[in-house]
Amino acid sequence: MNKNWLAHIRTLILVVLVGLSLLLSYWLWVGDFQNATEVGIGEPLPLAATEYPIASQLGRPYRIILSQHSAASLSVALPETHSYNQWLTLLQSVRVTALQEIPAFPKRTLDEVEYDFGVPLSAALLQQWVPNIEPTGYVQYSGLILLYQTSSNGPVWLGLTSGGVDYEAQTNLSTVSLYNQITEAVRAQPWSIWTTVQTNNDLPGSYTQLSTSTWTTNAISLLPVVHSFFVNPLVVTRIQEDNNTTLWTDGSRAVQWTKHPDEITYQDPNASGKRIENLDTLELAARFVRDHGGGPNNLIATQVQSNASGETITLVPYVDGLPILNGSNDYQVVIRAGRVVSFSRPLYNLASEIDSTRGNALNGWQLLNVLKTILSVQQIKQIQQIQLGLDEQDEGSIVSLIPAYFVQLPKGQQLIIDAIDGHVLGGDLP
């Protein structure tokens, strides 16, 4: 009797296990195991070919500073403006003598044009902007090109820096013409300098007009981008981490998608240290973005950081000359030994401009008066940095871009002040 009961129990357990196995197999097959995991069984989805970004556009200056009498008077030419394009054309027309090492750049100049790049200047990138120049060996120059003159009778010099060493070369530019162009720019669009704890901050004058704009957005299809990161999407497993986050992995690489903000992050933690690409860093970043969904044509590389993890390049969209600073619009590429080991990008782009209005910017004194109503005198003295950019405000598929001062405070706090009317748009109120 006991043996019969034991046999029945064993049979029952076996039936339950077989049934459970079939049920689990079905759940995995349909990809709905409590919304937790899914084996990638579909055919790879095609990803449309994209044209942008391209390295030559990513490697543009993010600003051009025009100054006279050692920055006693200055103006700033912003990307996409007529003035900016004129100064780039001038730079590309310059003819220079051979670069010569000098002890240091002169502390006092009569006038100066400063081209600020967000990335170091490789030989190829330098020659894109100064075609006539012959770089010194294979050195990499800092992201700065200067045109300056120290006296009304002297020549216009071109200056570069590499590894803490300054170089200059004489140019064919007319001293009178350069002086007059800078004088006109400074008179028409004067800017000022506000020195904070970390840096000198260039702030527009009240004659500078800024644009507030409203845009529709264009969603980028998720799964084709996800599949583009894997050699064989058929073996990819989906893991629903929570209601906002989904992860795909093939056991080596991983792609994470968050609904809010709508962006994906790719990680390749098992990437070998062996160099597999000999492309220029900026070209490699541009190609990787193109291969995985592409990007808009208004991206500029604004920052490069190097550490043990690799070289991190941040690509930021610029609209009406200003960077979008608080949205999820940045593209970030981490490169190690010629291989992309990490990448993050948004899954939407700005599509069509619906509306745009222009207004005069708050100058430095007006901004100070606004801050006095919010911060104490001591807190104002502790401001770390002030940056002019665009504050992104989303309403479904509609995005508003508002010119704003991003005021960096100690301990990572920040205030966002409307750069036209002075209203607080967000941040950390004391």
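For the structure itself, consult the block above.
What you see is a predicted model, and the numbers here were worked out from it, not measured in a lab.

Description of the overall build of the chain
- Helix and strand counts for the chain stand at nine helices and 25 strands.
- Buried residues in the chain amount to 45% of all 430 residues.
- Look at the contacts in the chain between residues 6 or more apart in sequence, and 62% of them connect residues 24 or more apart.
- Working note: accessible area of the chain is about 21900 Å², and carbon and sulfur atoms make up 52% of it.

Looking at the nonpolar core
- Counting 64 residues, the largest nonpolar core has Trp87, Tyr115, Ile145 and Leu158 as the members making the most contacts within it.
- A total of six residues in this core trace back to one element, the largest contributor, which is helix α7 (residues 281–291).
- When residues no more than four places from it in sequence are discounted, the contact partners of Ile145 are Leu91, Val113, Glu114, Tyr115, Phe117, Leu121, Leu126, Val130, Leu158, Gly159 and Leu160.
- Membership of the second largest hydrophobic core comes to 32 residues, among which are Leu210, Ala361, Leu368 and Val370.

A short note on α7
- All of the buried residues along α7 are Leu282, Leu284, Ala285, Ala286, Phe288, Val289 and Arg290.
- Its side-chain oxygen 2.9 Å from the backbone nitrogen of Leu282, Asp280 forms the N-cap of α7.
- Directly beyond the C-terminal end of α7, a positive phi value near 105° is found at Gly293.

What to know about the pattern of salt bridges
- The full count for this structure, using the stated rule, is five salt bridges.
- Notably, a salt bridge pairs Arg63 with Asp202, separated by 3.4 Å at the nearest N-O pair. Note that Arg63 is positioned in strand β2 (residues 61–68) and Asp202 in strand β10 (residues 200–204), a separation of 139 residues in sequence.
- Ionic pairing is found between Arg339 and Asp268, a salt bridge with its closest N-O pair at 3.0 Å.

Let's talk about the environment of Leu350
- Among the structural elements, Leu350 can be located in strand β21 (residues 348–360).
- Owing to a relative accessible area of 22%, Leu350 belongs among the partly exposed residues under this scheme.
- Sequence separation between Leu350 and Thr217 is 133 residues, and the spatial gap between their C-alpha atoms is 4.5 Å.
- Leu350 has contacts with Trp215, Thr216, Thr217, Val319, Ile324, Val399 and Leu401, leaving out every residue within four places of it along the chain.

Concerning the pairing of strand β7 (residues 157–162)
- Within β7, five of the six residues are buried, which leaves the element mostly enclosed by the surrounding structure.
- Pairing of strand β6 (residues 144–149) with β7, which is carried by three bridges, proceeds in the antiparallel orientation. The residue bridging Leu147 from the neighbouring strand is Leu158, located in β7.
- With six bridges connecting them, β7 and strand β8 (residues 165–170) associate as antiparallel partners. Following the sheet pairing, Leu160 is matched in β8 by Tyr167.

Observations concerning the layout of surface pockets
- In this model, the largest pocket occupies a volume close to 760 Å³.
- Taken together, 24 residues make up the lining of the largest pocket; nearest its centre are Tyr62, Tyr318, Leu325, Gln385 and Gln387.
- When residues of the lining of the largest pocket are traced back to their parent elements, those giving at least two are β2, β10, β16 (299–307), β17 (310–319), β18 (322–323) and β22 (385–395).
- Among the elements that line the lining of the largest pocket, the one with the most residues is β22, at four residues.
- In terms of residue class, the lining of the largest pocket is built from twelve nonpolar, nine polar and three charged.
- The space that makes up the second largest pocket amounts to roughly 520 Å³.
- As for the second largest pocket, its lining consists of 26 residues, and the residues nearest its centre are Val76, Ala77, Thr81, Ser83 and Gln189.

Quick notes on helix α3 (residues 82–93)
- Look at α3: 17 Å from first C-alpha to last across twelve residues, which is about the 16 Å you get at 1.5 Å a residue.
- If you check which residues of α3 are buried, you get Tyr84, Trp87, Leu88, Leu90 and Leu91. The arc enclosing the buried residues of α3, seen along the axis, measures out at 155°, which places them on a common side. Looking at α3, the residues exposed on the side facing more than 90 degrees away from the buried face are His82 and Thr89.

Points about the packing of aromatic side chains
- One pass over the structure, following the stated rule, counts eight aromatic pairs.
- Seen in terms of ring centroids, Phe105 and Tyr148 are 6.0 Å apart; in terms of plane orientation they differ by 70°. Their pairing is edge-to-face. Here Phe105, found in the loop between β4 (100–102) and β5 (111–117), pairs with Tyr148, found in strand β6; they are 43 residues apart in sequence, far enough to count as distant.
- The class for Phe105 is buried, based on a relative accessible area of 19%.

Scoring rules and cut-offs
Residues numbered from 1 in each chain as written. Predicted model: local features only at pLDDT ≥ 70, side-chain atom pairs only at ≥ 80, totals over all residues. Heavy atoms only, no water. Helix = DSSP H or I, 4+ residues; strand = E, 2+ residues; numbered from the N terminus. Buried < 20%, exposed > 50% of the residue type's maximum accessible area, 1.4 Å probe, protein only. Contact = heavy atoms within 4.5 Å. Areas by Shrake-Rupley, 256 points an atom, 1.4 Å probe, with all protein chains shown as cover. Core = buried A, V, L, I, M, F, W, Y, C linked by side-chain atoms within 4.5 Å. Polar contact = N/O pair within 3.5 Å; in protein donor to acceptor, adjacent residues only side chain to side chain. Salt bridge = Lys/Arg side-chain N within 4 Å of Asp/Glu carboxyl O. Pairing = 2+ DSSP bridges. 1 Å grid on protein atoms, 1.4 Å probe; cavity = no way out; pocket = protein on both sides within 12 Å on 5 of 7 lines; lining within 4 Å. Points joined across faces, edges and corners; volume = space filled by probe spheres on them. Nonpolar A, V, L, I, M, F, W, Y, C, P; charged D, E, K, R; others polar. Expected span 1.5 Å × (residues − 1). Arc of directions from axis to C-beta. Phe/Tyr/Trp six-rings, centres within 6.5 Å; stacked < 30°, edge-to-face > 60°.

Nothing here speaks to function; it is all geometry.
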